[in-house]
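# Tertiary structure, described
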Amino acid sequence: MPLAALKLKSVEFRREREASWAELEQLVGRVEKRGVRALAAAELARLPVLYRATLSSLSVARAISLDRNVIDYLESLTARAYFCVYGVKRHLRDAAADFFLRRFPAAVRGLRYHLAMAALVLLLGALVGFFLVQQDENRFYSFVSDDYANGRGPTASTEELKEPLYHQESVAETLSAFATFLFTHNAKIGILAFALGFIAGVPALILLFTNGLILGAFAALYAQRGLSLDFWAWILPHGITELSAVVFCGAAGLAIGQSLLFPGERTRLGNLQKRGRVAGQLVLGAVLMFFVAGLIEGIFRQSVMSIPVRYSVAAATLCAWIAYFAWTARLARRERA
Amino acid sequence: MSARAAKAIPYDARERLLARKDSGARVDVLTPEGVPIQFTIAHSGDRANAFLIDFLILVVVTLGLVFLTFWATGVAFTGSWLGAFTMLVWFLLWNFYFMFFELRWQGATPGKRLVGLRVIDRHGGPLSADAVIVRNLTRDVEFFMPMQMLLSAELVSSSSPGWARLGGILWLLVLAFLPVFNKQRLRVGDIVAGTIVVLAPKAVLLQDQSAHAVAPLPGFAPAGRMRFEFSDAALDIYGIYELQVLEDVLRKGEDGTPEGYLAMDAVCEKIQRKIGWDIIASGRVDAGSFLRDFYAALRARLEHKMLLGERKEDKYSVKK
């Protein structure tokens, strides 16, 4: 004798909805393989509709069905569709514009106190380095490593000291100077200052201070030979950009350290995330600034020998950065209003 | 009461279910629609594999570039166009490779894609560019720096390379292995950026194991029939956990492997004994159809109860 059929709402539910799941799966599969552009306009319009329908299927299935495969399947399908619907890929150009016009300047404004403190520490380092070396030239070696000094030092003659300031290079040489700049100089150290920020910001402070010491030591060395004017004309055209970038990285490290040491009203972890993202923007912007500084050092500075031109370029970079941050700040104010 | 206590649930049924499934911990991510979706947190082994693949790609590409430069320019690396270009590409590769791909491919690098991993926002929002930037800026400190200390200790500290090496090892142990030591498998970058790495979801919709027991909709092929009938008392013994184990057993049995058949036979015998099935009256039964019928009947019963608000997690749970 045949038995009566069972009543299983979950089976009927699956039979009714299955077709729309399959449709969504097919669309999602294509997007995963070839991007959103693989879909026609009509299909693109269906995607969010099907996603929401499947999401509601998932809620229903969780409430009424005990078929684990169906729940697993819906779970995974909605997750994949969720990536397609909410992970909208922006054009790289839009993302870059957004970064330079809004996010980076906003990060700079948001961390202005940290920036001020970082600049102060750098300046302090420079002053300490300057006065210590001025009193005793041999202290130069305690602050600057032999590799970095590269023959420049108290024992070098004035001519030897002057030579690198007016060194002529071929184009290929300047290019590799640019490349080595990126490696040996501060881009790397800048990233480090940020990444090590979670050790209470101490590495950031050390980085800023030692950078200041080196700068101060060199300045004192050249000052004693009466080459101050030449030295600053050599440093400042790229130095304004580079030192700002160092300060930015240091400020980012300080912000991270602060969020861990003094979390305020939030939890340490929540605070770290909020601060970390802002600080990360600052570091990325700073790395790009190192790029600009490297370009100025590698290409421009080695081809222009006139001191007034060097100073006016330095002034121009300073004005350009001030104008950039002032203009973006005004843009932000206007957008808020 | 004491007998009950002795039999009391040794560990949470749900936890057992989760432990069985992909043997990975899960994380709920709340969608903007308000429905949480579950993801499986990636295993640290998979993470390491993905990273190794990416790392190899980087090494191979840089080595290729360097050899090309040597071959083209002799040994003069500095001062040549090609040398400068190579160094520039090197810098860009090692600093922006991960960032670039995670931005372009929505949270997956080539290595992650091969292994089947994905970076998502821990709190359910879309994966933002900020988060990707931050989680990859810290990579240097977590891996590349201590590796440098380890491999070229003489460069880091020429006077005491041994100490530098020891420092590198300690550093690696603490930071690079951080994901092994926390539940969500977060590395420093994930903590700062608010991200988490999960298995890229992929599940296939399989045949419903109880479809045969339900009257077909008009227009569908007629389904098979229930051959066995079970009393309510028999069906009230088991809970959801056992039901879903049975689902697994049935699906494995469908594969047609000898192990699958043996498992079905063993489970069939156990269930028959437990529910007091009259073996003499029914004679020898086919384990597959018996289990399928039992599964359908049990599921109908449990789902019906669930609709009425009573969710029986497993055979140990008591009616409240």
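Summary of the structure given here. (Residues numbered from 1 in each chain as written. Chains lettered and ligands numbered in written order. Predicted model: local features only at pLDDT ≥ 70, side-chain atom pairs only at ≥ 80, totals over all residues.)

### Notes on the overall build of chain A
From N to C terminus, chain A includes 14 helices and zero strands. Here the analysis covers contacts within chain A between residues at least 6 apart in sequence; of these, 80% occur between residues at least 24 apart. (Helix = DSSP H or I, 4+ residues; strand = E, 2+ residues; numbered from the N terminus. Contact = placed C-beta atoms within 7 Å.)

### So, the pairing of strand β4 (residues 195-199) of chain B
Residue and element names in this part refer to chain B. Of all five residues in β4, five are buried; the element is thus mostly enclosed. Of the pairings in the sheet, the one linking strand β3 (residues 117-121) to β4 comprises five bridges and is antiparallel in character. Pairing of Val-119 across the sheet is with Val-197, part of β4. (Buried ≥ 20, exposed ≤ 12 C-beta atoms within 10 Å, placed from the backbone. Pairing = 2+ DSSP bridges.)

### Some thoughts on the nonpolar core
Residues and elements named next belong to chain A. Ala-251, Ala-252, Leu-282 and Val-283 are the most contacted members of the largest nonpolar core, which has 117 residues in total. Element by element, the count of residues in this core is highest for helix α12 (residues 228-261), at 16 residues. Ignoring sequence-local partners within four residues, the contact set of Ala-251 consists of Leu-111, His-114, Leu-115, Ala-118 and Leu-282. (Core = buried A, V, L, I, M, F, W, Y, C linked by C-beta atoms within 7 Å.)

### Notes on the packing of helix α2 (residues 41-64) of chain A against helix α3 (residues 68-86) of chain A
Residues and elements named next belong to chain A. Put simply, α2 and α3 touch, their axes get as near as 9 Å, and they point 150° apart. By the criterion of interaxial angle, the relationship of α2 to α3 is roughly antiparallel. For α2 against α3, the interelement crossing comes out left-handed. Taking contact as the criterion, the partners of Leu-47, Pro-48, Tyr-51, Thr-54, Leu-55, Ser-57, Leu-58, Ala-61 and Arg-62 in α2 are, on α3, Val-70, Ile-71, Leu-74, Glu-75, Leu-77, Thr-78, Ala-81, Tyr-82, Cys-84 and Val-85. For the contact of α2 with α3, the per-class residue count stands at 14 nonpolar, three polar and two charged. (Axes fitted to C-alpha atoms, helices over the stretch in contact; angles between N-to-C directions. Parallel < 35°, antiparallel > 145°, perpendicular 65-115°, else oblique. Left-handed = near helix turned anticlockwise from the far one by under 90°. Nonpolar A, V, L, I, M, F, W, Y, C, P; charged D, E, K, R; others polar.)

### With respect to α12(A)
For α12(A), which comprises 34 residues, the first-to-last C-alpha distance of 41 Å sits more than 12% below the rise-based estimate of 50 Å (1.5 Å per residue). Counting buried residues along α12(A), 26 of its 34 residues qualify, which places the element largely inside the surrounding structure. (Expected span 1.5 Å × (residues − 1).)

### Thoughts on helix α14 (residues 258-275) of chain B
All names here are of chain B. Spanning 18 residues, α14 covers 26 Å between terminal C-alpha atoms, matching the ideal 26 Å at 1.5 Å per step. For α14, the complete set of buried residues consists of Met-264, Val-267, Cys-268 and Ile-271. End-on view of α14: buried residues confined to an arc of 110°, all on one side of the axis. Counted as exposed and oriented over 90 degrees from the buried face of α14: Pro-258, Glu-259, Leu-262, Ala-266, Lys-270 and Arg-273. Where α14 is buried, its residues touch α13 (240-254) and α16 (287-307). Once α14 ends, the next one or two residues include Gly-276, with phi positive near 70°. (Arc of directions from axis to C-beta.)

### Focus on the packing of α13(B) against α14(B)
Residues and elements named next belong to chain B. Between α13 and α14, whose axes approach to 8 Å, the crossing angle comes to 140°. By the angle between their axes, α13 is oblique relative to α14. In terms of crossing hand, the pair formed by α13 and α14 is left-handed. On α14, the residues touching Leu-246, Val-249, Lys-252 and Gly-253 of α13 are Gly-260, Tyr-261, Ala-263, Met-264 and Val-267. A per-class count over the contact of α13 with α14 returns six nonpolar, two polar and one charged.

### Looking at the interface of chain B and chain A
If you look at the interface, chain B gives 60 residues, while chain A gives 59 residues. Elements with a contribution of two residues or more to the side of chain B that touches chain A: β2 (36-40), α4 (81-104), α6 (129-137), α7 (139-151), α11 (188-193), α13 and α16 of chain B. The element contributing the most residues to the side of chain B that touches chain A is α16(B), with eight residues. Of the residues in the side of chain B that touches chain A, the class split is 39 nonpolar, eleven polar and ten charged.

### Some words on the environment of B:Val89
Residue and element names in this part refer to chain B. Residue position: Val-89 is located in helix α4. According to the C-beta neighbour criterion, Val-89 is partly exposed, with 14 such atoms within 10 Å. In the structure, Val-89 is positioned 34 residues away from His-123 in sequence and 35 Å away in space, judged by C-alpha atoms.

### Focus on the pairing of β2(B)
Residue and element names in this part refer to chain B. Judged from the five bridges that link them, strand β1 (residues 26-30) and β2 form a sheet pairing that is antiparallel. Looking at β2, one finds that Val-27 is bridged to Phe-39. The turn joining β1 and β2, which pair antiparallel and follow one another in sequence, is formed by five residues; a positive phi near 90° is taken by Gly-34.

### Side note on the environment of B:Ile191
Relative to the elements of secondary structure, B:Ile191 occurs in helix α11. Residue class for B:Ile191 comes out buried when judged on the 23 C-beta atoms lying within 10 Å of it. As for B:Ile191 and B:Gly162, which are separated by 29 residues in sequence, their C-alpha atoms are 32 Å apart. Apart from the residues within four sequence positions on either side, B:Ile191 is in contact with A:Leu269, A:Leu272 and B:Leu186.

Purely geometric numbers; function is a separate question.
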